[in-house]
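Coordinates in review
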Amino acid sequence: MSSKFLSDSESHMGQSLSPQRNTPSSPTVRKVSEGFTGNYPYEPLPSDRHIRLLRLEPLASSSTQNIPRISAALQVSRPCPRYRDPSSYQPYKALSYEWGLPPSDPSDTPTILLDNHPIHTRQNLHDALHSILHNHHRLYGESPLYLWVDALCINQLDDREKGHQVQLMKTIYEAAEMVIVWLGKGTSCTDEAMKLLKMEGGDLIKYIKDGNLSWKECQGLTYLYCHATYWRRVWILQEFALARDYVVLCNRVFVTKQNFERGLMIAKWWSITGKRNKSGIFSHTNWPAPDLVYRAPVERMIALRSSLAMPATPTLDNWLDTVCQHGFKSTDPRDYVFASLGISWDGDEKVPDYELSTSEVYCMAISTREARSRVSSDEIFYLNLADLMGIPEDRALALQQTLEAEEEDMSSLEDQGMWDSDLESI
């Protein structure tokens, strides 16, 4: 998920820098957000616990387009909370994808019909919806196609709604029947690799051991597991890690969670144990690239999925450490923090608020108890986080010092209060 970038006002230097709860934003602006062309009359959601779902209609031909036009409707619903009976809630799947850069010419973008309103979408989302519709019966059977898509199901111009919906992200992705991971249209090699991953495990091992792996299949595997830019999105920390189940979709081909994870292990095994010649080089010219052995991003994400099932869920600064170390990317620097709140055991009390400036969100990140205890001993990490968020070093140091001064003032007030209570009891 990526949000509309708002200007970062730095007019707070003389004020308290601790994030404060903002008053509700102005009434909903009834048009779609930046990055789209056209109008859609979003109605305010009934409560902060409600969401919108996209109901996709079967593809219909259009006389003015070479490809069928996508038609959909929005429906208000609620995600099923954990431990509730799901039968009383509308089942749905959630899309995890990249927004991509906005087009240079907004009018030169594909169009969908949303409740009969023509809406221009970014190309990558349009491609994803077409691929999902192409695989309708394989993914949904005969059921209607209910899908949660952030760009269309959230009014991106309403900062208050956007903040509450981001706060619900953990519930939205946990409650989804399945998360559809869209890797894009891929390359000329990825279709062969995806078909390879559909093979049974024993057949795939034999296929590779017998030297049948082609150059295109090798390149396709490396792209799927390593080079697809999807794996660098900061929001997949929630979207991928929280999914109870997922499928990976690339172009028109999809593979299940089991096949995708098994394919990675087999490819890594072959990369490590493949036969070598006397010079130490693999005798087979089509062995998978070293990237599959040393830095497959998907393997890190699978490990993060496992960590969420552990009794001790990582803290906010643990997640931010991961973000800094492994090169996750976000269009909006505030999302480096917001994407980590829902999966941090100390992040529940923090509310994603897109009316806060980048500096205020940085203060939110370094003001948790665990973060404050670490700042003095690991200042470099928080300076790296500031650099990632586009905050100059001198500004970051000033923010840290201001927070420390506020904490000392609060501690003094608490000590004075305890002293006054003791005097009153005498």
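Cut-offs and rules
- Residues numbered from 1 in each chain as written.
- Predicted model: local features only at pLDDT ≥ 70, side-chain atom pairs only at ≥ 80, totals over all residues.
- Heavy atoms only, no water.
- Pairing = 2+ DSSP bridges.
- Helix = DSSP H or I, 4+ residues; strand = E, 2+ residues; numbered from the N terminus.
- Axes fitted to C-alpha atoms, helices over the stretch in contact; angles between N-to-C directions.
- Contact = heavy atoms within 4.5 Å.
- Patch = residues over 30% accessible without salt bridge, like charges linked within 9 Å, V, L, I, M, F, W, Y side chains within 5 Å.
- Areas by Shrake-Rupley, 256 points an atom, 1.4 Å probe, with all protein chains shown as cover.
- Salt bridge = Lys/Arg side-chain N within 4 Å of Asp/Glu carboxyl O.
- Lys, Arg positive; Asp, Glu negative; His and termini not counted.
- Charge placed at Lys NZ, Arg CZ, Asp CG, Glu CD.
- Buried < 20%, exposed > 50% of the residue type's maximum accessible area, 1.4 Å probe, protein only.
- Phe/Tyr/Trp six-rings, centres within 6.5 Å; stacked < 30°, edge-to-face > 60°.
- Lys NZ or Arg CZ within 6 Å of the ring centre and 35° of its normal.
- pLDDT = per-residue confidence, 0-100.
- Parallel < 35°, antiparallel > 145°, perpendicular 65-115°, else oblique.
- Nonpolar A, V, L, I, M, F, W, Y, C, P; charged D, E, K, R; others polar.

**A closer look at the sheet that holds strand 9 (residues 253-256)**
Here nine strands make up an open sheet; going across it, the order is 5-4-2-1-6-3-7-8-9 and the pairing mixed. The sheet is open, and its two borders are formed by strand 5 (117-120) and strand 9, each paired with just one other strand. Going across the sheet, the axis of each strand differs from the next one's by a mean of 35°, ignoring polarity. Two strands pair when backbone bridges link them, and strand 2 (residues 70-77) and strand 4 (residues 111-114) are joined in this way by three bridges, in the parallel orientation. Note that in strand 4 the partner of Ser71 across the bridge is Leu113. Strands in contact with helix 1 (residues 123-134) are strand 1 (51-56), strand 2, strand 3 (93-96), strand 4, strand 6 (145-148), strand 7 (178-182) and strand 8 (246-250); relative to strand 7, the strand with the most contacts, it is inclined by about 125°.

**Considering the environment of Ser77**
Within the secondary structure, Ser77 sits in strand 2. Counting along the chain gives 32 residues from Ser77 to Leu45, while the straight-line C-alpha distance between them is 9.4 Å. If we skip the residues at most four places from it in the chain, Ser77 touches His50, Ile51, Leu53 and Gln90.

**Let's talk about a negative patch on the surface**
A cluster of like negative charges, contributed by Glu379, Asp387, Glu393 and Asp394, occupies part of the molecular surface. Taken together, the elements giving at least two residues each to the negative patch come down to helix 17 (379-388) and helix 18 (393-425). With respect to the helices and strands, Asp394 occurs in helix 18. For Asp394, a relative accessible area of 58% gives the class exposed.

**Quick word on the pattern of salt bridges**
According to the stated counting rule, one finds 12 salt bridges in the structure shown. With a shortest N-O distance of 3.7 Å, Arg160 and Asp48 are connected by a salt bridge. With a gap of 112 residues between them, Arg160 in helix 4 (residues 159-167) and Asp48 in the segment before strand 1 connect regions that are remote in the sequence. On the basis of relative accessibility, which here comes to 35%, the residue Asp48 falls in the partly exposed class. Linking Asp159 and Lys162 is a salt bridge whose minimum nitrogen-to-oxygen distance equals 3.6 Å. Taken as a pair, Asp159 and Lys162 lie in helix 4 at a separation of three residues, close to a single helical turn. For the pair formed by Asp159 and Lys162, the shared burial category is buried.

**A short note on the packing of aromatic side chains**
Under the definition given, this model contains eight aromatic pairs. On the basis of an interplanar angle of 80° and a centroid distance of 5.0 Å, the ring pair of Tyr230 and Trp231 is categorised as edge-to-face. For the pair Tyr230 and Trp231, one class covers both residues: buried. Geometrically, the ring pair formed by Trp231 and Phe260 is stacked, given 6.2 Å between the ring centres and 20° between the ring planes. On the criterion of sequence distance, the pair formed by Trp231 in the loop between helix 8 (215-227) and helix 9 (236-239) and Phe260 in helix 10 (residues 257-273) is long-range, its members being 29 residues apart. Accessibility assignment for this pair places Trp231 and Phe260 in one class, buried. Cluster of aromatic residues (ring-pair linked, three or more members): Tyr225, Tyr230, Trp231, Phe240, Tyr246 and Phe260. The aromatic ring of Tyr354 is capped on one face by Lys162, whose charged end is 4.6 Å from the ring centroid.

**Examining the environment of Tyr230**
For Tyr230, the position within the fold is in the loop between helix 8 and helix 9. By relative accessible area, which is 0% here, Tyr230 ends up buried. Residues Tyr230 and Trp182, spaced 48 residues apart in sequence, show a C-alpha to C-alpha distance of 7.9 Å.

**A few points about the confidence of the model for the protein**
Averaged over every residue, the pLDDT of the protein is 79; residues scoring 70 or more account for 76%. Across residues 1-35 the pLDDT falls below 50, and counting only partners more than four positions away or on other chains, this stretch makes 91 contacts in the model. Counted against residues more than four places away or in other chains, residues 275-283, with its pLDDT under 50, gives 10 contacts.

**Remarks on unusual backbone geometry**
Although it is not a glycine, Asp115 adopts a positive phi angle of roughly 50°. Tracing the chain through its elements places Asp115 in the loop between strand 4 and strand 5. Although it is not a glycine, Asn251 adopts a positive phi angle of roughly 60°. One can find Asn251 in the loop between strand 8 and strand 9.

**Examining the pairing of strand 4**
Where burial is concerned, the two faces of strand 4 agree: the one with Thr111 and Leu113 and the one with Ile112 and Leu114 are both buried. In this structure, strand 4 lies alongside strand 5, joined through four bridges in antiparallel fashion. The residue of strand 5 that forms the bridge with Ile112 is Ile119.

**Notes on the packing of helix 6 (residues 190-197) against helix 8**
Axis separation between helix 6 and helix 8 bottoms out at 7 Å; the angle between their running directions is 85°. Taken together, helix 6 and helix 8 sit at an angle that is classed as roughly perpendicular. Along its contact with helix 6, which presents Thr190, Glu192, Ala193, Met194, Leu196 and Leu197, the element helix 8 presents Lys216, Glu217, Gly220, Leu221, Tyr223, Leu224 and Tyr225. Residue composition of the contact of helix 6 with helix 8, grouped by class: eight nonpolar, two polar and three charged.

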